[in-house]
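# Structural overview for review
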Amino acid sequence: MGDGEPRVPTAIAVTSADLALPPQDERTLPAAVLQDVDRRPLEHVLAELQSLVDQHGHVIVVCSLAVPASVERRLHTVRALLETDRIALFRPPLPPLGIAVLARQLRQLASCDLSPGVLASAGRLLTHYIHAGALLGSVARLDHVPVGLKAHARSWVPGSQFGVVAHPVPQLVRIGPEAALTGPEFGTWLLVAKGQHPTDWVTGSLAPSWHVQGLRETALPAESATWWGTGRLTEFCAYLPDLSVLYQLVTSVRRSTCHWCGIDVIGDRCVFCSATPPVYDDGAGGADRDRALGHRRDPALGRRRERRALTG
């Protein structure tokens, strides 16, 4: 897919082994697993991240919003201490199984001729094509999807089940003969992670109604019970499995150059340095643009900007 000079692929890292799904195809690269980053000595985590940067040039860390705050703080600390703009921390608004699927898609794309900035930006794009949800035995502690008073009350009725979609558009239904969730309008595969809950409705009703082209099962991520507020769940995620489709989606989007760190990106935000495009006044646009580019070329200013982005 594309011609270019041989290069070392960008590393895609996850924060636990259960987020490193088996390869989707023969080109899917292995994930770098950053296990227990908040519990191991700081110098060990520093050495691990530095080694990944040395080997791969850039590292994209994909982690769930369900990880403890101490994990995020440790990752930001390590990035700041290494004084590098080659580590991106990406936390999309997806449940844990969706995080694992997205990380695997990035591992697929890492084998292609995509620059690190475009690959990191692709995570934001591909998030829109992931439909992630769960079959829950209770929604009493569900924080990521709006829960009405009636659903909350029914949560305490023994035997109640709820079908929930958290992304891309929140949905919640009580499981019954007419229960249905709106799914993707394009061909997908469905990945199912069984917890302490039967999967019959997901595999027997949801999958056919979503017209999935294939179905696979995997272990439930450890973070799922925290994210969904209950251990009585089966998590599911509909996704695009084909590398050729993923590559076409990403390469069809216009690329631009980050005005701060200078790498190619797609979208309106650089995942590596967190910079957004500057807004120029019509009258002084040229002078402002020159000043912005001058800041980017100044290493000292760049490091100060990086620290502000990490701690702000």
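Just so you know, these numbers come straight off a predicted model, no measurement behind them. (Residues numbered from 1 in each chain as written. Predicted model: local features only at pLDDT ≥ 70, side-chain atom pairs only at ≥ 80, totals over all residues. Heavy atoms only, no water.)

Attention shifts here to the pattern of salt bridges. Per the stated rule, a full pass over the model turns up two salt bridges. Across the pair Glu48 and Arg40 runs a salt bridge whose closest N-O atoms are separated by 2.5 Å. The partly exposed category is assigned to Glu48, whose relative accessible area is 23%. Across the pair Arg91 and Glu72 runs a salt bridge, and its minimum N-O distance is 2.6 Å. Residue Arg91 is located in the loop between strand S4 (87-90) and helix H3 (96-109), and its partner Glu72 is located in helix H2 (residues 69-82); the two are separated by 19 residues in the primary sequence. (Salt bridge = Lys/Arg side-chain N within 4 Å of Asp/Glu carboxyl O. Buried < 20%, exposed > 50% of the residue type's maximum accessible area, 1.4 Å probe, protein only. Helix = DSSP H or I, 4+ residues; strand = E, 2+ residues; numbered from the N terminus.)

With that settled, the discussion passes to the packing of helix H1 (residues 42-56) against H2. One way to put it is that H1 packs onto H2 with a least axis distance of 10 Å and a crossing angle of 65 degrees. Relative to H2, H1 is oriented roughly perpendicular. The element H1 and its partner H2 pack so that their crossing is right-handed. Between H1, through Leu42, Val45, Leu46, Leu49 and Gln50, and H2, the contact on the second element is made entirely by Arg74, Val78, Leu81 and Leu82. Split by residue class, the contact of H1 with H2 holds seven nonpolar, one polar and one charged. (Axes fitted to C-alpha atoms, helices over the stretch in contact; angles between N-to-C directions. Parallel < 35°, antiparallel > 145°, perpendicular 65-115°, else oblique. Left-handed = near helix turned anticlockwise from the far one by under 90°. Contact = heavy atoms within 4.5 Å. Nonpolar A, V, L, I, M, F, W, Y, C, P; charged D, E, K, R; others polar.)

Paired through backbone hydrogen bonds, the strands of a sheet run either parallel or antiparallel to each other. Read from one edge of the open sheet, six strands run S7-S6-S5-S10-S8-S9, paired in mixed fashion. Single-partner strands in this sheet number two, and they are strand S7 (171-174) and strand S9 (214-219). Direction aside, neighbouring strands of the sheet carry axes that sit 20 degrees apart on average. Two strands pair when backbone bridges link them, and strand S5 (residues 131-136) and strand S6 (residues 162-167) are joined in this way by five bridges, in the antiparallel orientation. Bridge assignment links Leu135 to a residue of S6, and that residue is Gly163. Helix-sheet contacts for H3 involve strand S8 (189-194), S9 and strand S10 (233-239), and the interaxial angle to S10 is about 30 degrees. (Pairing = 2+ DSSP bridges.)

Bear in mind that shape data such as this cannot, by itself, settle questions of function.
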